[in-house]
Amino acid sequence: PLAEPIRWLNGVNVTEALRLLQLAGIENPLADNDGETAALQRVVDGLCAVSSQDGLTGLANRRSFWNALEREIERSARTGDAFGLLLIDIDHFKQVNDAHGHLTGDVVLRAVAKVIESNFRPMDTVARIGGEEFAVILPNSPLIYSRQVAERVLARIARERIMVSPDLQLSVTVSIGVACPNAWTAREAEVLVEAADHNLYQAKRQ
């Protein structure tokens, strides 16, 4: 096959960067004729988006989530403000894939991600951290508020009718584990995630 032509912007070889952006479905940063500097900035912005976002849902990815959680823990320790962590897992998701295929599973994941994102504030961090697992960081949110939000999301997703095709409509439920650090628990990301994961497991059992 023919090699791709080398593309240069301000003396920087951006050939591989452009290929990655194309694979990720990001708009061609060279489409506008507003100069090499502006185009190079769009390349950089696109690469930042690719590295921080989940490719399927557009939510923050696992790495972004951990970075955001570390920052929130530091901020909370400094200010004394409460915050909440939610771990959200789609129930029996393997059955969806087994019965309808992975493409249908992707449709379900995108639909659930959209519902989750629409129920949180711009200041919250909503991420996909695993196959069918999502996480939300809620700044300035005590435990009672975090639980109320979790209950609202549970109900909202259960009501959602996911149109896979004209002949196939699905609905799913989720389980949620909630955790909030307090004065007598370690303010460590791993400890907080473990607590939320424990509560998620209890929710699954119930």
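In case you missed it, the structure is sitting above this.
Residues numbered from 1 in each chain as written. Predicted model: local features only at pLDDT ≥ 70, side-chain atom pairs only at ≥ 80, totals over all residues. Heavy atoms only, no water.

**Student:** So what's going on with the overall build of the protein chain? Which residues, and what values?
**Tutor:** If you tally the helices and strands in the protein chain, you get 7 helices and 8 strands. When each of the 206 residues of the protein chain is scored for burial, the buried share is 40%. Carbon together with sulfur atoms contributes 52% to the accessible area of the protein chain, which is approximately 12000 Å² in total. (Helix = DSSP H or I, 4+ residues; strand = E, 2+ residues; numbered from the N terminus. Buried < 20%, exposed > 50% of the residue type's maximum accessible area, 1.4 Å probe, protein only. Areas by Shrake-Rupley, 256 points an atom, 1.4 Å probe, with all protein chains shown as cover.)

**Student:** Requested: an account of the pairing of strand E6 (residues 162-165), with residues and values cited.
**Tutor:** Relative to strand E7 (residues 168-170), E6 runs antiparallel, the two being bridged by 3 bridges. The residue of E7 that forms the bridge with Ser 165 is Leu 168. (Pairing = 2+ DSSP bridges.)

**Student:** Would you mind going over the sheet that holds strand E3 (residues 83-90) in detail, with residue names and values included?
**Tutor:** In a beta sheet, neighbouring strands pair by backbone hydrogen bonds and run either parallel or antiparallel. Pairing in this open sheet of 4 strands is antiparallel, and the strands run E4-E5-E3-E8 from one edge to the other. In the strand order of this sheet, the two ends are held by strand E4 (125-128) and strand E8 (174-179), each with one partner. Adjacent strand axes in the sheet meet at a mean angle of 15°, parallel and antiparallel pairs treated alike. Sheet topology places E3 next to E8; 6 bridges connect them, and they run antiparallel. When the bridges of E8 are listed, Ile 90 appears paired with Val 174. The sheet strands contacting helix H5 (residues 102-118) are E3, E4 and strand E5 (133-139), and the helix crosses E5 at an angle near 10°. (Axes fitted to C-alpha atoms, helices over the stretch in contact; angles between N-to-C directions. Contact = heavy atoms within 4.5 Å.)

**Student:** How would you sum up the packing of helix H4 (residues 93-100) against H5? Please name residues and give values.
**Tutor:** Closest axis-to-axis distance for the H4/H5 pair is 7 Å, and the angle between their directions is 140°. As far as their axial angle goes, H5 and H4 are oblique. When H4 is examined against H5, the residues Phe 93, Val 96, Asn 97 and His 100 are found in contact with a partner set consisting of His 102, Thr 104, Gly 105, Val 108 and Leu 109. The residue inventory of the contact of H4 with H5, partitioned by class, reads 4 nonpolar, 5 polar and no charged. (Parallel < 35°, antiparallel > 145°, perpendicular 65-115°, else oblique. Nonpolar A, V, L, I, M, F, W, Y, C, P; charged D, E, K, R; others polar.)

**Student:** Now, about a negative patch on the surface: what can you tell me, with residues and values included?
**Tutor:** Among the surface-exposed residues, Glu 70, Glu 74, Glu 188 and Glu 190 lie close enough to one another that they form a single negatively charged patch. Here Glu 190 is to be found in helix H7 (residues 189-205). (Patch = residues over 30% accessible without salt bridge, like charges linked within 9 Å, V, L, I, M, F, W, Y side chains within 5 Å. Salt bridge = Lys/Arg side-chain N within 4 Å of Asp/Glu carboxyl O. Lys, Arg positive; Asp, Glu negative; His and termini not counted. Charge placed at Lys NZ, Arg CZ, Asp CG, Glu CD.)

**Student:** Report on the environment of Trp 66, specifying residues and quantitative values.
**Tutor:** Relative to the elements of secondary structure, Trp 66 occurs in helix H3 (residues 62-79). Here Trp 66 falls in the partly exposed class, since its relative accessible area comes to 23%. The spacing of Trp 66 and Val 193 is 127 residues in sequence and 9.8 Å in space, taken between C-alpha atoms. If we skip the residues at most four places from it in the chain, Trp 66 touches Ala 189, Glu 190 and Val 193.

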